[in-house]
Amino acid sequence: MDSRALAYFVAVAEERNFSRAADRLGISQPSLSRAMQRLERRLGVRLLDRTSRQVLLTRPGKTLLEEGRKALAALTAAENATRRAGRAPRRLTVAMKPGGDGGLLPSVLARFADRPDADTVGADVEVEVLLCGIGGETALLRDGTADLALLRLPQDDLAGLDTEELLTEREVAVLPRTHRLAGASCLRMSDLVGEIFPRWSARSPGEGPLITDTGQIAELIALGRMIALLPESVARRLGHGLLTVPVENRRTTLLAVWPADRDDRELAAFLRTAADVAATHPAAAGAPLADMSHHIADAADVRTPLRR
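These numbers were taken from a predicted model, which means no experiment stands behind them.

There is a patch of nonpolar side chains on the surface, built from Met1, Leu43 and Val45 and spanning about 220 Å² of accessible area. Tracing the chain through its elements places Leu43 in helix α3 (residues 29-43).

Structure representation (structure tokens):
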């Protein structure tokens, strides 16, 4: 099976319509229909049930869609990795959500640039920080766009990826200034029963707003549309004069994540640097990052440029 036929099938399976799939692929509908017929003959199974109104996947078709997406992603990753290997100067790309580094990255970048093994690993390694949307980190790793990602537990799927715990910090409830719990010094989860929380993906339970960009969080809290449980380092960046209150027994762990088949020296050196910086971070010893019983500082006071 060639990759073109597989890409054609995935397009038809996702669009559930030959005309839309043909437009997406930039080919004629008859050509696409013939390609699907050839693919079914080659595999010896029916992949699609066609009606006048829609295209339905058969059981083998559902299997090919699931596996085909993985195969196409692997081909893209191989392509990107090959191009990356030929780049000069060498580059590491770190993917994360805005504010998703636990406050570690500025120190990690500075120490990596001045590391003792620069002569052996290579002093010309550039680090690019790629900011992405919520849930986009692992996709960037799997398609080869990113070499390393910073993300937090829990995660739905880390198959094929290696991880290292960097930092565990406390979570705080972020509230509008007029909230009924605004005067509390500490909360339990039972205090938050009935509150509206954000949904971080379409699969998340509840009726809260679906968050697709971290910029939405502060605005929706300030408007009284929801509250949020956030890592303390993330809460400090929100601005908007919001209030935060520590929540009893709530902790969150920041991970470094990378493809399991990567064993290059540049990546290993960056991971060592990140682990060393994390080990000396105040939150690593369980200390709060700041006195969070007052209003969050204005975002302009706490943001640090991430690109070097």
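Okay, back to it.
It is worth spelling out unusual backbone geometry at this point. For Arg16, which is not glycine, the phi torsion reads 55° and is therefore positive. Turning to its location among the elements, Arg16 is positioned in the loop between α1 (3-15) and α2 (18-25). In this structure, Asn249 is a non-glycine residue whose phi angle is positive, near 65°. Note that Asn249 resides in strand β8 (residues 243-259). We classify Asn249 as exposed; its relative accessible area is 70%.

To continue, consider the pattern of salt bridges. Applying the stated criterion across every chain yields a total of 18 salt bridges. The residue Glu66 makes a salt bridge to Lys70 at a minimum N-O spacing of 3.9 Å. Of this pair, Glu66 and Lys70 are both found in helix α4 (residues 59-85), four residues apart, which corresponds to roughly one turn of the helix. Classification of Glu66 by relative accessible area gives partly exposed; the value is 46%. Here Arg152 makes a salt bridge to Glu169, at a shortest N to O gap of 2.9 Å. Highlighted residues: Arg152 in strand β5 (residues 148-152) and Glu169 in strand β6 (residues 161-175), separated in sequence by 17 residues. One continuous salt-bridge network, built from bridges that share partners, spans Glu14, Glu15, Arg20, Arg24 and Arg69.

Turning to the environment of Leu32, a few remarks are in order. By the element assignment, Leu32 lies in helix α3. For the pair Leu32 and Ala21, spaced eleven residues apart in the sequence, the C-alpha separation amounts to 8.3 Å. Ignoring anything within four residues of it in the chain, the contact list for Leu32 reads Tyr8, Val12, Phe18, Ala21, Ala22, Leu25 and Ile27.

Taking strand neighbours across the sheet as the criterion, the six strands line up as β4-β3-β5-β8-β6-β7 in an open arrangement whose pairing is mixed. The outermost strands of the open sheet, each flanked by one partner alone, are β4 (126-131) and β7 (228-231). Put simply, the sheet's adjacent strands are angled 25° from each other on average, direction ignored. Relative to β8, β5 runs antiparallel, the two sharing four bridges. Bridge pairing in β8 links Ala149 to Val257. On top of the sheet, helix α5 (residues 105-113) reaches β3 (91-96), β4 and β5; it is set at about 160° to β4, its chief contact. In the packing of helix α10 (residues 265-279) onto the sheet, contacts are made with β3, β4, β5, β6 and β8, and the angle to β6 comes to roughly 40°.

How two aromatic rings sit relative to each other is set out by the distance from centre to centre and by the angle between their planes. All told, the structure shown has one aromatic pair when counted by the stated rule. Taken together, a centroid distance of 5.2 Å and an interplanar angle of 70° make the contact between Phe112 and Phe270 edge-to-face. Of the two residues, Phe112 is situated in helix α5 and Phe270 in helix α10; the sequence distance between them amounts to 158 residues. For Phe112, a relative accessible area of 1% translates into the label buried. Judged by its relative accessible area of 2%, Phe270 falls in the buried class.

Reading the values: rules and limits
- Residues numbered from 1 in each chain as written.
- Predicted model: local features only at pLDDT ≥ 70, side-chain atom pairs only at ≥ 80, totals over all residues.
- Heavy atoms only, no water.
- Patch = residues over 30% accessible without salt bridge, like charges linked within 9 Å, V, L, I, M, F, W, Y side chains within 5 Å.
- Areas by Shrake-Rupley, 256 points an atom, 1.4 Å probe, with all protein chains shown as cover.
- Salt bridge = Lys/Arg side-chain N within 4 Å of Asp/Glu carboxyl O.
- Helix = DSSP H or I, 4+ residues; strand = E, 2+ residues; numbered from the N terminus.
- Buried < 20%, exposed > 50% of the residue type's maximum accessible area, 1.4 Å probe, protein only.
- Contact = heavy atoms within 4.5 Å.
- Pairing = 2+ DSSP bridges.
- Axes fitted to C-alpha atoms, helices over the stretch in contact; angles between N-to-C directions.
- Phe/Tyr/Trp six-rings, centres within 6.5 Å; stacked < 30°, edge-to-face > 60°.

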